[in-house]
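# Report on the structure
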Amino acid sequence: MPLADLLRPQNLNDFIGQKHLVGEGSVLRKSVVSGHIPSMIFWGPPGCGKTSLALIIAKSLNKEFYTLSAVSSGVKDVREVIDKAVGAPVLFIDEIHRFSKSQQDSLLGAVEKGNITLIGATTENPSFEVIAPLLSRCQVYILKSFEEENLNKFIEKARVFLAAEQNITITVNEKEALYRISGGDARKLLNAIELTVSVNSTESNKEIIITDKLVLESVQQNLALYDKMGEMHYDIISAFIKSMRGSDPNAAVYWLGRMLEAGEDPKFIARRMLILASEDIGNANPNALLLANSCFQAVAVIGYPECGLILSQTAIYLAGSPKSNASYMALNNVFRTIKQHPDLSVPLHLRNAPTKLMKKLNYGKDYKYAHDFENNFALQNFLPEALKGQIFYKPGNNARETEILNRLKQLWKGHYNY
């Protein structure tokens, strides 16, 4: 068995990370302890503990555990599990987003009647990939990538296990390469450790000193070819996104071709481009979002292989487009401010006044209706008083956003210090 499987946690106390779900007093932990578990969807990146958590839940409830992979299973497999289900067993479906509508439909009746407790795992947004009737019958829990603090615990766990079970002494002098290779994925981290140990340990050498150089050499020599279901899946999509962000259409098309040749879901690729169009291009070229959205819709209608050319055209356009992450940064700035000031009041002049009492309390008083003024603009404060003059959106250094900046400077002179 791979090291990642050997080190799977056996109960919630052994589970590393995801404290918002399994920590003391958390909603999911309370459900497990009470024995009342709803059908649920675990949404999170690879290697964040979705399968381990499903196994722990089934074990805690002392229920039978069935597992299906959406990649290799169909309606027939689902019905076989449902037909032999006794006592509401746990049915775990990995990568449930890859199930077709008819396959997901086949789960509805059993989930609604409580014949099975469904736990689905997905790396994709279930709002897009899980049909609404099934989603409405499931609780969605979001899992996060592991932070360095969590990864250190996995490294220590592996070190102790290998010393006890294989008599291999591991000294970890450097961790940066392990962090980088894992990308917050515990499975990739443990695979890298296992690979490094297996490549460098012999009968006469049972002491391994982990360094960044040793890890990189060991892993790079044994990298598998891209496989949409393997560890490289997320590395390739990362390279594809970063190539477009870095304005390299040649690299973008190359990585696109690698994914298409491997049988990647075109909608997965199109969705990533749609996100990039807003996150990395934004108002530097608003047409990028329109084109990416048209691409996504066309891919959904046409399908592969015909949609390959549309994906290529869009990837080249996005890579060649001017870039700005100003909108993305503006939202992050807002979130940071909200954490510091979570409950600032709406200024009175911006409040709605549907009742006489509210009007008496000056709700809506002194509000200036923009269209009643020259150039459809009236200088007034729209933020909570404590944030007056606070700038969240800082236009990027490109032609279109320079136009926006100049207009904002003209309109808001004396209010915002652009």
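In what follows, the structure referred to is the one given above.
Residues numbered from 1 in each chain as written. Predicted model: local features only at pLDDT ≥ 70, side-chain atom pairs only at ≥ 80, totals over all residues. Heavy atoms only, no water.

## Notes on helix α14 (residues 249-261)
Its 13 residues place the ends of α14 18 Å apart at the C-alpha level, agreeing with the 18 Å of an ideal helix rising 1.5 Å per residue. Where α14 is concerned, the buried positions are A251, A252, L256, M259 and L260. Along its buried surface, α14 packs onto α13 (233-245), α15 (266-281) and α17 (308-320). Among the residues of α14, the N-terminal cap falls to D248, whose side-chain oxygen and the backbone nitrogen of N250 are separated by 3.1 Å. G263 sits one or two positions beyond α14 and adopts a positive phi of about 90°. (Helix = DSSP H or I, 4+ residues; strand = E, 2+ residues; numbered from the N terminus. Expected span 1.5 Å × (residues − 1). Buried < 20%, exposed > 50% of the residue type's maximum accessible area, 1.4 Å probe, protein only. Contact = heavy atoms within 4.5 Å. Polar contact = N/O pair within 3.5 Å; in protein donor to acceptor, adjacent residues only side chain to side chain.)

## A word on a nonpolar patch on the surface
On the surface, L331, F335 and I338 cluster together to form a nonpolar patch covering roughly 290 Å² of accessible area. Inspection of the secondary structure assignment puts L331 in helix α18 (residues 326-340). Among the residues examined, L331 registers a relative accessible area of 46% and is labelled partly exposed. (Patch = residues over 30% accessible without salt bridge, like charges linked within 9 Å, V, L, I, M, F, W, Y side chains within 5 Å. Areas by Shrake-Rupley, 256 points an atom, 1.4 Å probe, with all protein chains shown as cover. Salt bridge = Lys/Arg side-chain N within 4 Å of Asp/Glu carboxyl O.)

## With respect to a negative patch on the surface
Residues E147, E148, E149 and E176 make up a contiguous surface patch of negative charge. Secondary-structure assignment places E148 in helix α9 (residues 148-166). Overall, the relative accessible area of 46% leaves E148 in the partly exposed class. (Lys, Arg positive; Asp, Glu negative; His and termini not counted. Charge placed at Lys NZ, Arg CZ, Asp CG, Glu CD.)

## Notes on the packing of helix α5 (residues 75-83) against helix α6 (residues 101-113)
At a minimum axis separation of 9 Å, α5 and α6 run at an interaxial angle of 10°. In terms of orientation, α5 lies roughly parallel with respect to α6. The hand of the α5/α6 crossing is right-handed. Counted together, V75, V78 and I82 of α5 and S102, Q103, S106, L107 and A110 of α6 form the full contact between these two elements. Residue classes in the contact of α5 with α6 are distributed as 5 nonpolar, 3 polar and no charged. (Axes fitted to C-alpha atoms, helices over the stretch in contact; angles between N-to-C directions. Parallel < 35°, antiparallel > 145°, perpendicular 65-115°, else oblique. Left-handed = near helix turned anticlockwise from the far one by under 90°. Nonpolar A, V, L, I, M, F, W, Y, C, P; charged D, E, K, R; others polar.)

## Re helix α11 (residues 186-200)
Taking 1.5 Å of rise per residue, 15 residues should cover 21 Å, and α11 covers 21 Å from first to last C-alpha, within 8% of that figure. Regarding α11, its N-cap is D185, as a side-chain oxygen of that residue lies 2.8 Å from the backbone nitrogen of R187 further along.

## Quick word on the packing of aromatic side chains
Across all of its chains, the model carries 8 aromatic pairs by this definition. Here the aromatic cluster, defined as three or more aromatic residues joined through ring pairs, consists of F377, F382, W412, Y416 and Y418. (Phe/Tyr/Trp six-rings, centres within 6.5 Å; stacked < 30°, edge-to-face > 60°.)

## Observations regarding the pairing of strand β1 (residues 40-43)
The pairing of β1 with strand β4 (residues 117-122) spans 4 bridges and is parallel. Its bridge partner lying in β4, M40 is registered against I119. Across 4 bridges, the pairing between β1 and strand β5 (residues 139-142) is parallel. The residue of β5 that forms the bridge with I41 is V140. (Pairing = 2+ DSSP bridges.)

## Regarding the environment of T314
Counting through the fold element by element, T314 comes out in helix α17. In this structure T314 comes out as buried when scored by relative accessible area, which is 2%. Sequence-wise, T314 and A353 are 39 residues apart; in three dimensions their C-alpha atoms are separated by 47 Å. Not counting chain neighbours up to four residues away, the residues in contact with T314 comprise M273, L291, A292 and C295.

## Concerning the pattern of salt bridges
In this structure the tally under the stated criterion is 11 salt bridges. R98 is the partner of E95 in a salt bridge, and the nearest nitrogen-oxygen pair spans 3.1 Å. Its relative accessible area of 14% is what places E95 among the buried residues. What makes R98 partly exposed here is its relative accessible area of 24%. A salt bridge links E156 to R159; its shortest N-O distance comes to 2.8 Å. Taken together, the positions of E156 and R159, both in helix α9 and 3 residues apart, correspond to about one turn of that helix. Assessed through its relative accessible area of 36%, E156 is described here as partly exposed. R159 sits in the partly exposed class, given a relative accessible area of 28%. Several salt bridges converge on common partners, so that one network encompasses E124, E129, R271 and R272.

Read these as layout, nothing more, since geometry by itself doesn't imply function.
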